Amino acid sequence: MTTDDGTGSSARWLSEDELETWHALNILLARLPTALGEQLQRDSGLSFIEYYVLAGLSDQPGWTMRMSHLAVFANSELSRLSHLMSRLEKRGLVRREPDPTDRRFTCAILTDSGHDLLTDAAPGHVSEVRRLIFDRLDEAAQHALRDVTEQIRLQLGVLPIGPPRTTPPPPRS
């Protein structure tokens, strides 16, 4: 159905079926990080975003990433990420240092303690990801979900940065 939206342009309204899908997606987007965060908090004392940031750092050479890049990775404003990093620093999980290649930037660095906590948290996290998502999907549904989310990501102009880690991080060399 198309109607005038009051601004002189036409709105292409969602069908009943599309509206059901939209509501299901909204609930999933709102609830999934909370459910994963509850498991992480209960088992490892980490929030979902803390785990995600630590996992992102563990994937980088030297376990180091510029704060500005980490903010993009975590979909966070730099000031909000800075508060999160302060909390993680107090726990000895990360440290911040000037970027040696350009001291105008600050790097976040995963510490050995942070890596150890991440390694301990990963098995429970992957079990919860498997229970909530992959145990519900056959291979065709998994690929369809990935394909659709990739199309939406491209439509949003979001660069592929990588998913949260669901396997233990490799040992530091």
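Cut-offs applied
- Residues numbered from 1 in each chain as written.
- Predicted model: local features only at pLDDT ≥ 70, side-chain atom pairs only at ≥ 80, totals over all residues.
- Heavy atoms only, no water.
- Helix = DSSP H or I, 4+ residues; strand = E, 2+ residues; numbered from the N terminus.
- Expected span 1.5 Å × (residues − 1).
- Polar contact = N/O pair within 3.5 Å; in protein donor to acceptor, adjacent residues only side chain to side chain.
- Core = buried A, V, L, I, M, F, W, Y, C linked by side-chain atoms within 4.5 Å.
- Buried < 20%, exposed > 50% of the residue type's maximum accessible area, 1.4 Å probe, protein only.
- Contact = heavy atoms within 4.5 Å.
- Salt bridge = Lys/Arg side-chain N within 4 Å of Asp/Glu carboxyl O.
- Pairing = 2+ DSSP bridges.
- Patch = residues over 30% accessible without salt bridge, like charges linked within 9 Å, V, L, I, M, F, W, Y side chains within 5 Å.
- Areas by Shrake-Rupley, 256 points an atom, 1.4 Å probe, with all protein chains shown as cover.
- Lys, Arg positive; Asp, Glu negative; His and termini not counted.
- Charge placed at Lys NZ, Arg CZ, Asp CG, Glu CD.
- Bend = angle between axes of the 7 residues up to and from the residue.
- Axes fitted to C-alpha atoms, helices over the stretch in contact; angles between N-to-C directions.
- Parallel < 35°, antiparallel > 145°, perpendicular 65-115°, else oblique.
- Nonpolar A, V, L, I, M, F, W, Y, C, P; charged D, E, K, R; others polar.

Asks: I keep staring at helix α6 (residues 139-156) and nothing clicks. Help me out?
Replies: Every α-helical turn comprises 3.6 residues, leaving residues that sit three or four positions apart pointing alike. Taking 1.5 Å as the rise per residue, α6 with 18 residues should run 26 Å; its terminal C-alpha atoms sit 26 Å apart, in good agreement. Where α6 begins, the capping side chain belongs to D138, and its oxygen is found 3.2 Å from the backbone nitrogen of A140. Following α6 by one or two positions, G157 has its phi on the positive side, about 75°.

Asks: Just checking my understanding: could you explain the nonpolar core for this structure?
Replies: Note that soluble globular proteins tend to have their nonpolar side chains buried in a common cluster. By size, the foremost hydrophobic cluster in this structure holds 27 residues, and its most contacted members are V53, L70 and M85. Looking at this core, the elements that each hand over two or more residues are α2 (48-58), α3 (67-73), α4 (78-90), β5 (106-110) and α5 (112-132). For this core, the element with the most residues is α2, which contributes six residues. If near-sequence neighbours (up to four positions away) are discounted, L70 is found in contact with V53, L57, M65, L81, M85 and A108.

Asks: In this structure, what is going on with the pattern of salt bridges? I would like to understand it.
Replies: Two side chains bearing opposite charge may form a pair once their charged atoms approach each other closely. The final tally for this structure, using the stated rule, is nine salt bridges. Notably, a salt bridge pairs E38 with R31, separated by 3.5 Å at the nearest N-O pair.

Asks: Explain the pairing of β5 here, please?
Replies: The side chains of a regular strand alternate between the sheet's two faces. Buried residues dominate β5, accounting for four of its five residues. Where strand β3 (residues 64-66) and β5 come together, three bridges link them in antiparallel fashion. Among the inter-strand pairings, M65 is bridged to a residue of β5, identified as A108. Direction of pairing for strand β4 (residues 94-98) relative to β5: antiparallel, over a ladder of five bridges.

Asks: Just to check I follow, could you spell out unusual backbone geometry for this structure?
Replies: Leave glycine aside and you will find that most residues have negative phi; peptide bonds, for their part, are mostly trans. Despite not being glycine, W63 shows a phi value in the positive range, around 55°. In this structure, W63 sits in the loop between α2 and β3. The buried category is assigned to W63, whose relative accessible area is 5%. Positive phi outside glycine occurs at N75, with the angle close to 50°. Take N75: it is sitting in the loop between α3 and α4.

Asks: Hey, could you run me through the environment of P33 in this one?
Replies: Locating P33 in the fold gives a position in helix α1 (residues 16-44). By relative accessible area, which is 32% here, P33 ends up partly exposed. Sequence-wise, P33 and F48 are 15 residues apart; in three dimensions their C-alpha atoms are separated by 6.5 Å. If we ignore the near neighbours within four places in the chain, the residues touching P33 are L28 and F48.

Asks: Sorry if this is basic, but what is going on with a negative patch on the surface here?
Replies: On the surface, E16, D17, E18 and E20 cluster together to form a negatively charged patch. Within the secondary structure layout, E16 lies in helix α1.

Asks: When you look at α1 in this model, what are you seeing that I'm missing?
Replies: Between the first and last C-alpha of α1 there are 42 Å, a value that for 29 residues agrees with the 42 Å anticipated at 1.5 Å per step. Along α1, the sharpest change in direction is near 30° and occurs at R31; proline P33 comes one to four residues later. Taken together, the buried positions of α1 are occupied by A35, L36, G37, Q39, L40 and S44. Structurally, α1 contributes buried residues whose contacts are with α2 and α5. Positive phi shows up at G45, right after α1, with a value of about 70°.

Asks: Honestly, the packing of α2 against α4 in this entry has me stumped. Any pointers?
Replies: Contact geometry for α2 and α4: axes closest at 11 Å, N-to-C directions at 85°. Compared by their axis directions, α2 and α4 come out roughly perpendicular. Packed against α2, whose contacting residues are I49, E50, V53 and L54, the element α4 presents L81, L84, M85, R87 and L88 at the interface. Counted by class, the contact of α2 with α4 contains seven nonpolar, no polar and two charged residues.

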